[in-house]
Amino acid sequence: MTRFGTGLRKLFFACVVAAFGLMSISNGFGLGIVLAALAIFIPYKCKIPHFLPVLFVLSTIVHVIAIFAVQTPLEMDFATMYQAAQQAAVGDFSFQNGLYYFYCWAYQTGFVLWEAAILRLTGSMAAIKLIHALMLSGINVLIYLFARRFVEERAAQAAALLYLVTLFPTLMLCSLTNQHVSAFFLLLGIYILTSGGDHAFSVRRALLAGICLAFGNIMRPEGIVILAGLLGTAAFLLLTRRSLRDNKNMLLGIFITVIVYVLCNAAASWAIAASGINQYGLTNNWPEWKFILGFNHETGGMYSYADMDRFGKYHYTGTSADVLAQALETEKQVIHDRIFCSPLEFFSLMLAKIQNLWCNQGLGVSLGFLNQNGATWHGFNGIKVYDFAIKLDRTIFFCALFFAFLGAGSHLRRKDASVTFDMILPYMTLMAFFCVFLLIEVQPRYAYLPQIFLYMVTAVGIHAVMRKKESPTA
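What you see as residue numbers is a count from 1 along each chain, following the sequence as written. Local features in a predicted model are, by the rule used here, given only for residues with pLDDT of at least 70; side-chain atom pairs are given and counted only at 80 or more, and totals for whole chains, interfaces and linings are based on all residues. Side-chain metrics in this entry use all non-hydrogen atoms of the structure; hydrogen atoms and water are not considered.

## Some points on the overall build of the protein chain
Part 1: The number of helices and strands found in the protein chain is 22 helices and 2 strands.
Part 2: With the radius of gyration taken over C-alpha atoms, the globule rule is written as 2.2 Å times the number of residues to the power 0.38. Relative to the 2.2 N^0.38 estimate, which gives 23 Å for 474 residues, the radius of gyration of the protein chain is 24 Å and therefore close to what a compact globule would have.
Part 3: Across its three principal directions, the C-alpha atoms of the protein chain cover 95 × 65 × 55 Å.
Part 4: Burial status across the protein chain gives 51% buried among its 474 residues.
Part 5: A separation of at least 24 residues holds for 77% of the contacts in the protein chain among residues at least 6 apart in sequence.
Part 6: Of the accessible surface of the protein chain, which amounts to about 22800 Å², a share of 67% is contributed by carbon and sulfur atoms.
Part 7: Computed over 33 positive and 24 negative side-chain charges, the inter-centroid distance for the protein chain is 16 Å. Strands here mean DSSP runs of E at least two residues long; helices mean DSSP runs of H or I at least four residues long; both are numbered from the N terminus. Burial classes: relative accessible area under 20% of the type maximum marks a residue as buried, over 50% as exposed, and values in between as partly exposed (1.4 Å probe, protein chains only). Any two residues whose heavy atoms approach within 4.5 Å are treated as being in contact. Note on areas: Shrake-Rupley with a 1.4 Å probe; residue coverage comes only from the protein chains shown. When charges are counted, neither His nor the chain ends are considered; positive counts come from Lys and Arg and negative counts from Asp and Glu. Here the site of a charge means NZ on Lys, CZ on Arg, CG on Asp, or CD on Glu.

Here is the structure:
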């Protein structure tokens, strides 16, 4: 009877645990908590040998599954660029003449050529997604490599695993966005520049870093914000150390990186224009547009169809210089009026922009096609799947955000800790993104690149919590 009773109790508790687990994972919030907890605690509960290749392989498997499981219809800019890439792949560059898109935002030509090169070699959209999946796995690896410079190994592993189980970046693979390839090369550039111990910021590393940063910027023009993070970090260290002599290598390396970055971007723009691919190179012929949207009070700094209907009709290649000049004057006045409103209105706009960029979910791009009546996903109700995915993604993200806040707080309290470039860079880059996006258009998907640096800071919070948990009690 004793053995029978013991076995019965074990069976009972096993059933309770199983029931609890099923209830948890049947809800997006519950599964998010479970995955976040596993990502954080697994590195502390069991040693993972050869973590770097394991992380890359595991990430790639997850990303490839997502690509084939979710078939997102091409829409908006992604469809426009892919159609242009299909033309460019066969040597037809007439896309530059048929749409205002490649006149106003000629800088998108860089990504079009990237897609065209892959299509010319493989003829497959899936190949583009698979290459981007490998790059996203590389981003996950770089998060780990960056984080372990200023936290213990286990905390760096936990941050990388937490990023892996976050749905937003993985599902963005399904939409042919230019963010994966751009972010990978931007991160690779600053990793090359700042790695190597005593050889960090060397001339060779600065040259390679400048090329990588330029290529990332050609894919998506966010390189200037990364440079702002590098320069801000350098300025912070100069102010705190108050020694120019000890920082000469750092300053020289960053200077060379910036020069190479500028020259490569200029050369690429000239080459594209000279070759006839796009006569405007990689320029932005409508810089006012991002500010028109960024200060739109009605949309909270997001895209406005009304603004496009009002101003877009003037931004075509056939528009006369006088008409265009008058339109630009009107646009500048609109921007001025939207900025110089009442302090309360301006503050409300800034809060709305912070909410729209940093807090709102970005799955509409990849899963929005499920959020409509009658839509299904592998036999499941599309709206329910969409809701489940949003809850799962936001739960994990806000968990990461919580640890990031803890990490920032722990660094503020550590007065005796030596301040290093690697330690400050994620914070400074996040601050640069935060400030830039207060000025220009925001969309939830634009948080893709800054979120990568946020997960690096998350490692600091995980390290602080777990170290305190493991310390002996008094």
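## Thoughts on the packing of helix 7 (residues 109-122) against helix 12 (residues 203-219)
Part 1: The geometry of helix 7 relative to helix 12 is characterised by a closest axis approach of 6 Å and an angle of 95 degrees between their N-to-C directions. The angle between helix 7 and helix 12 places the two elements in the roughly perpendicular class. Contacts between helix 7 and helix 12 involve Gly 110, Phe 111 and Trp 114 from the former and Phe 215, Ile 218 and Met 219 from the latter. Note on geometry: axes are C-alpha line fits, over the in-contact stretch for helices, and angles between N-to-C directions span 0 to 180 degrees. Roughly parallel means an angle under 35 degrees; roughly antiparallel, over 145; roughly perpendicular, 65 to 115; everything else is oblique.

## Quick word on unusual backbone geometry
Part 1: Backbone geometry places His 50, a non-glycine residue, at a positive phi of 55 degrees.
Part 2: Along the chain, the position of His 50 falls in the loop between helix 2 (28-45) and helix 3 (51-69).
Part 3: Phi at Phe 201 is positive, roughly 65 degrees, even though this residue is not glycine.
Part 4: Position of Phe 201 relative to the elements: it lies in the loop between helix 11 (179-194) and helix 12.
Part 5: Residue classification places Phe 201 among the buried positions, given a relative accessible area of 12%.

## Re the layout of surface pockets
Part 1: If you add up the space inside the largest pocket, you get close to 1500 Å³.
Part 2: The wall of the largest pocket is formed by 47 residues, among which Tyr 107, Arg 220, Lys 290, Glu 441 and Tyr 446 lie closest to the centre.
Part 3: Element by element, the count of residues in the lining of the largest pocket is highest for helix 4 (residues 76-89), at 5 residues.
Part 4: Nonpolar residues are Ala, Val, Leu, Ile, Met, Phe, Trp, Tyr, Cys and Pro. Charged residues are Asp, Glu, Lys and Arg, and all others, Gly as well, are polar. In terms of residue class, the lining of the largest pocket is made up of 29 nonpolar, 11 polar and 7 charged. Using a grid of 1 Å spacing that covers the protein atoms alone, one calls a set of points a cavity when a 1.4 Å probe fits there but cannot get out, and a pocket when the set is open and has protein on both sides within 12 Å along at least five of seven lines; lining residues are those with an atom within 4 Å of a point. Grid points are joined across faces, edges and corners, and a volume is the space filled by probe spheres set on the points.

## A short note on the state of the cysteines
Part 1: Note on terminology: disulfide denotes any pair of cysteine sulfur atoms within 2.5 Å. Under the criterion given, the structure shown has 0 disulfides.
Part 2: Of all cysteine sulfurs in the structure, the one in Cys 399 sits closest to Cys 359, which takes part in no disulfide; the separation is 15 Å.
Part 3: Assessed through its relative accessible area of 25%, Cys 359 is described here as partly exposed.

## What to know about the pattern of salt bridges
Part 1: Any carboxyl oxygen of Asp or Glu that lies within 4 Å of a side-chain nitrogen of Lys or Arg is treated as forming a salt bridge with it. Applying the stated criterion across every chain yields a total of 8 salt bridges.
Part 2: Measuring nitrogen to oxygen at the nearest pair gives 3.9 Å for the salt bridge that ties Arg 148 to Glu 153.
Part 3: For Arg 220, the salt bridge is made with Glu 222, and the minimal N-O distance between the two is 3.5 Å. By the burial criterion, Arg 220 is buried, and Glu 222 matches it.

## Description of the packing of helix 3 against helix 8 (residues 125-147)
Each pair of packed helices can be summarised by the angle the axes make with each other and by the distance between the axes.
Part 1: Where helix 3 contacts helix 8, the axes come no closer than 9 Å and their chain directions differ by 145 degrees. The two elements helix 3 and helix 8 cross, and the hand of that crossing is right-handed. Taking contact as the criterion, the partners of Phe 51, Leu 52, Leu 55, Phe 56, Ser 59, Thr 60, His 63, Val 64, Ile 67 and Phe 68 in helix 3 are, on helix 8, Lys 129, Leu 130, Ala 133, Leu 134, Leu 136, Ser 137, Gly 138, Asn 140, Val 141, Tyr 144 and Leu 145.
Part 2: Each residue belonging to the contact of helix 3 with helix 8 can be placed in one class, and the counts come to 14 nonpolar, 6 polar and 1 charged. Rotating anticlockwise by less than a right angle from the far helix to the near helix defines a left-handed crossing, while the corresponding clockwise rotation defines a right-handed one.

## Structural notes on helix 9 (residues 153-164)
Helical geometry: 3.6 residues make up each α-helical turn, so side chains three or four residues apart lie on a common side.
Part 1: The end-to-end C-alpha distance of helix 9, which contains 12 residues, comes to 17 Å, matching closely the 16 Å that a straight helix rising 1.5 Å per residue would cover.
Part 2: Taken together, the buried positions of helix 9 are occupied by Ala 155, Ala 156, Gln 157, Ala 158, Ala 159, Ala 160, Leu 161, Leu 162, Tyr 163 and Leu 164. Expected helix span is taken as 1.5 Å per residue step, with the number of steps being one fewer than the number of residues.

## What about the side chain of Arg 338?
Part 1: Locating Arg 338 in the fold gives a position in helix 17 (residues 321-339).
Part 2: Polar contacts, as counted here, are pairs of nitrogen or oxygen atoms within 3.5 Å of one another; within protein the pair requires one atom able to donate a hydrogen and one able to accept it, and residues that are adjacent in sequence qualify only if both atoms are side-chain atoms. Among the polar contacts listed, one links the side chain of Arg 338 to the backbone oxygen of Ile 292, at a separation of 2.6 Å.
Part 3: For Arg 338, the residues in contact, after removing those within four places along its chain, are Ile 292, Phe 295, Asn 296, His 297, Asp 307 and Phe 346.

## Observations concerning the nonpolar core
Part 1: Counting 147 residues, the largest nonpolar core has Ile 139, Ile 190, Ile 452, Phe 453 and Tyr 455 as the members making the most contacts within it.
Part 2: Top element by residues in this core is helix 8. It accounts for 13 residues.
Part 3: What Ile 452 contacts, discounting residues up to four positions off in sequence, is Ile 139, Ile 143, Tyr 163, Ala 183 and Leu 187. Only buried residues count toward a nonpolar core, which is a set of Ala, Val, Leu, Ile, Met, Phe, Trp, Tyr and Cys residues joined through side-chain atoms within 4.5 Å.

## Here's the deal with the packing of aromatic side chains
Part 1: Each Phe, Tyr or Trp ring (for Trp, its six-membered ring) is paired with any other whose centre lies within 6.5 Å, and the angle between the two planes then decides the class: stacked below 30 degrees, edge-to-face above 60, tilted in between. Per the stated rule, a full pass over the model turns up 25 aromatic pairs.
Part 2: The interplanar angle of 75 degrees and the centroid separation of 5.5 Å between the aromatic rings of Phe 146 and Tyr 191 together place this pair among those described as edge-to-face. Here Tyr 191 lies in helix 11 and Phe 146 lies in helix 8, a separation of 45 residues in the sequence.
Part 3: An aromatic cluster is defined as three or more aromatic residues linked by ring pairs; in this entry it consists of Phe 93, Phe 95, Tyr 100, Tyr 101, Phe 102, Trp 105, Trp 286, Trp 289, Tyr 303, Tyr 305 and Tyr 316.
Part 4: Note on criteria: charge over ring means Lys NZ or Arg CZ within 6 Å of the ring centre, with the direction from the centre no more than 35 degrees off the ring normal. We note Lys 353 situated over the ring of Phe 295; from NZ or CZ to the ring centre the distance is 5.6 Å.
Part 5: Sitting over the face of the ring of Phe 398, Arg 394 holds its NZ or CZ atom 5.7 Å from the ring centroid.

What is shown is where atoms sit, not what they do.
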